[in-house]
Amino acid sequence: MDKNATEKLYDKDAYAREFTARLESCEPEGDGFLITLDRTLFFPESGGQTADRGVILVPADGKLSKSIDRNEIHASDAQADYSSVSVTDVQIEGETIYHRVPAGIAVGTEICGRIDWDHRFDNMQQHSAEHIFSGTVHRLYGYDNVGFHLSDNTVTMDFSGVLEEDQIRNVESIVNRAIYENVEITVSYPSKDECDRTDFRCKKEIEGQIRLVTIPGYDVCACCAPHVHRTGEIGILKVQSFQRYKGGVRIHIICGSRALRLFRAENDLMTKLSMDFSLPFEEIGGRIDELKEEIYNLKGRLREADLKLSEIKRSSIPVDQENVVLIEEDMDAATMRKSVNELTELHPGYCGIFAGNDEAGYRFIIGIKNGDAREALKALQKICSAKGGGSPQMVQGSATDLTETNLKDLWKSFD
Ligand SMILES: [Zn+2]
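Conventions and cut-offs
- All chains use their own residue numbering, which begins from 1 and follows the written sequence.
- Totals for whole chains, interfaces and linings use all residues, but because this is a predicted model, local features are given only for residues with pLDDT of at least 70 and pairs of side-chain atoms are given and counted only at 80 or more.
- Side-chain numbers come from the whole structure's heavy atoms, not from hydrogens or water.
- Here the rule is simple: two strands pair whenever DSSP picks up at least two bridges between them.
- Counting from the N terminus, the helices are DSSP H or I runs at least four residues long and the strands are E runs at least two residues long.
- Only C-alpha atoms enter the line fits that serve as axes; for helices the fit covers just the stretch in contact. Angles between N-to-C directions range over 0 to 180 degrees.
- Note on contacts: a residue pair is in contact if any heavy atoms of the two residues lie within 4.5 Å.
- Each domain's limits were defined by an automated method or a database of domain assignments.
- What counts as buried area is the accessible surface, traced by a 1.4 Å probe, that two parts surrender upon association, with contributions from both included.

**Student:** An account of the sheet that holds strand β13 (residues 212-215) is requested, with residue identities and associated values reported.
**Tutor:** Taking strand neighbours across the sheet as the criterion, the three strands line up as β12-β13-β14 in an open arrangement whose pairing is antiparallel. With partners counted over all chains shown, the strands left at the sheet margins are β12 (186-188) and β14 (219-222), one partner each. Across the sheet, the mean angle from the axis of one strand to that of its neighbour is 20°, orientation sign disregarded. Where β13 lies against β14, four bridges are found, and the strand directions are antiparallel. Each residue of the ladder has a partner; that of Leu-212, found in β14, is Ala-222. Set on the sheet, helix α2 (residues 117-141) makes contact with β13 and β14; between it and β13 the angle comes to about 75°.

**Student:** Talk me through the pairing of strand β20 (residues 385-390); I want residue IDs and the actual numbers.
**Tutor:** In summary, the side chains of a regular strand alternate between the two faces of the sheet. Where β20 meets strand β21 (residues 394-400), six bridges bridge the pair, whose relative direction is antiparallel. Within β21, the residue paired with Gly-389 across the bridge is Gln-396. In this structure, the hairpin formed by β20 and β21 is closed by a connection of three residues.

**Student:** Describe the domain arrangement of the protein, naming the residues involved and giving the relevant values.
**Tutor:** Split by domain assignment, the protein resolves into domain 1 (7-115), domain 2 (121-264) and domain 3 (318-414). Using C-alpha coordinates to define each centre, domain 1 is positioned 29 Å away from domain 2. In this assembly, eleven residues from domain 1 lie in contact with 18 residues from domain 2. Contact between domain 1 and domain 2 buries roughly 1,200 Å² in total, counting both sides, with carbon and sulfur atoms accounting for 46%.

Right, here's the structure in full:
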């Protein structure tokens, strides 16, 4: 055994939240410190799972009040005499676990550690569910989970072969059945001989003592992470989405309290939509499709109307006017370009179209038949914040701090 090995308290009891330990080392690293302890409950980032977080409580005099029996100590015993430092990351190298903390702590200090239990239990729910899912995929379809990622926001699994939607739904149902059955999850440390005789997932990757996590009827897998005691604690597993990935499939799942939070958010949104549309949930999708088509048709009609209006405006400009500027509330870029081209055929000066208003700013296109439109852009940049560029024939861009009055005055100054 490595003499720097950290005793992994989370291996023995996945449900312990608080522990005491002796600080073995403290080294500055980056803008904080990396500390090692003789033992820890903080699960390090490993196997695709993010690290535990929490706090370390440091007694003012470097000694815990009841250091005789370390298992009986709780930080609350002497809360006032403790200072608290947060553990922001936990990494493992070999058998040593490093905790990242913002402040240095003296070697030899007896500390009390407290993990963020909500965060840990949430990870346990996701991870145990992943085992049942991967074990079921392996048993039914023969594919391996070749990439597992468990972060605060997402849980993904990458399988070595393609699964179709009905197969994924089938596995989802089986995992939920395993949850209803409330199967006990056990951890064992088999001997080398027992390992050779047992069939389990993730057999190759592990050196040294194997830790087997068994979910009877569903999965046996080598794993070092904390798991829930019984499958019922997972609550629910829902497949959120899936896509083809590297010759296989990537599946996003959500379990436990995360699934409840998502269901709440989605239900709130559906309830709001249902009230807005005065429709039951199941008819909202169809109504949105209708609205999308309606908007598409209206945009087409609006574009035609814009063009007609713009034509009318252009035809009302005296033909002998050299420099022309038109201000439109809204116009798409293609129509603006077409209109500027038409104007430059009739008027020899700077022909500009500005779409927008004083508050929101303007998008613009300026053209000139014989001359340099970039000169007009330079003049514009003197009176407002305008970004843009282009060729001598045409420039385009956007402007803020521009008022309709200033714009019209600028064009008058070109005459
Ligand atoms: Zn695992």
